[in-house]
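As a plain string of letters, each chain reads:
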Amino acid sequence: MKRLFLVVALPLFASGCASTLPEVVASTDYADNPSAVRPVRYQSPIGSYTHRMPVDPKPWRGLNDAQAPKKG
């Protein structure tokens, strides 16, 4: 049990000690940034809503025949 613990714990411990944190540098140079970003406009989630009423199903055989490939 102790060997299994060492086999698992030692690489985890070694990798934790070896890693370094990334350097994060905040830039205050936003005016000189060459990338242009368009401003976000509000769009209503129901703006293009179309009211639809339920209808009875159409006969399936006619729809199936219309979509079937034409015989040569």
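Residues numbered from 1 in each chain as written. Predicted model: local features only at pLDDT ≥ 70, side-chain atom pairs only at ≥ 80, totals over all residues. Heavy atoms only, no water.

(A) Geometry of the overall build of the protein. Secondary structure summary: the protein contains two helices and zero strands in total. Looking at the 72 residues of the protein, the share that counts as buried comes to 0%. Of the accessible surface of the protein, which amounts to about 8,400 Å², a share of 63% is contributed by carbon and sulfur atoms. (Helix = DSSP H or I, 4+ residues; strand = E, 2+ residues; numbered from the N terminus. Buried < 20%, exposed > 50% of the residue type's maximum accessible area, 1.4 Å probe, protein only. Areas by Shrake-Rupley, 256 points an atom, 1.4 Å probe, with all protein chains shown as cover.)

(B) Summary view of a nonpolar patch on the surface. On the surface, Leu 4, Val 7, Val 8 and Leu 12 cluster together into a nonpolar patch covering about 410 Å² of accessible area. Structurally, the position occupied by Leu 4 is in helix 1 (residues 2-18). We classify Leu 4 as exposed; its relative accessible area is 56%. (Patch = residues over 30% accessible without salt bridge, like charges linked within 9 Å, V, L, I, M, F, W, Y side chains within 5 Å. Salt bridge = Lys/Arg side-chain N within 4 Å of Asp/Glu carboxyl O.)

Function cannot be read off these values alone, since they describe shape.
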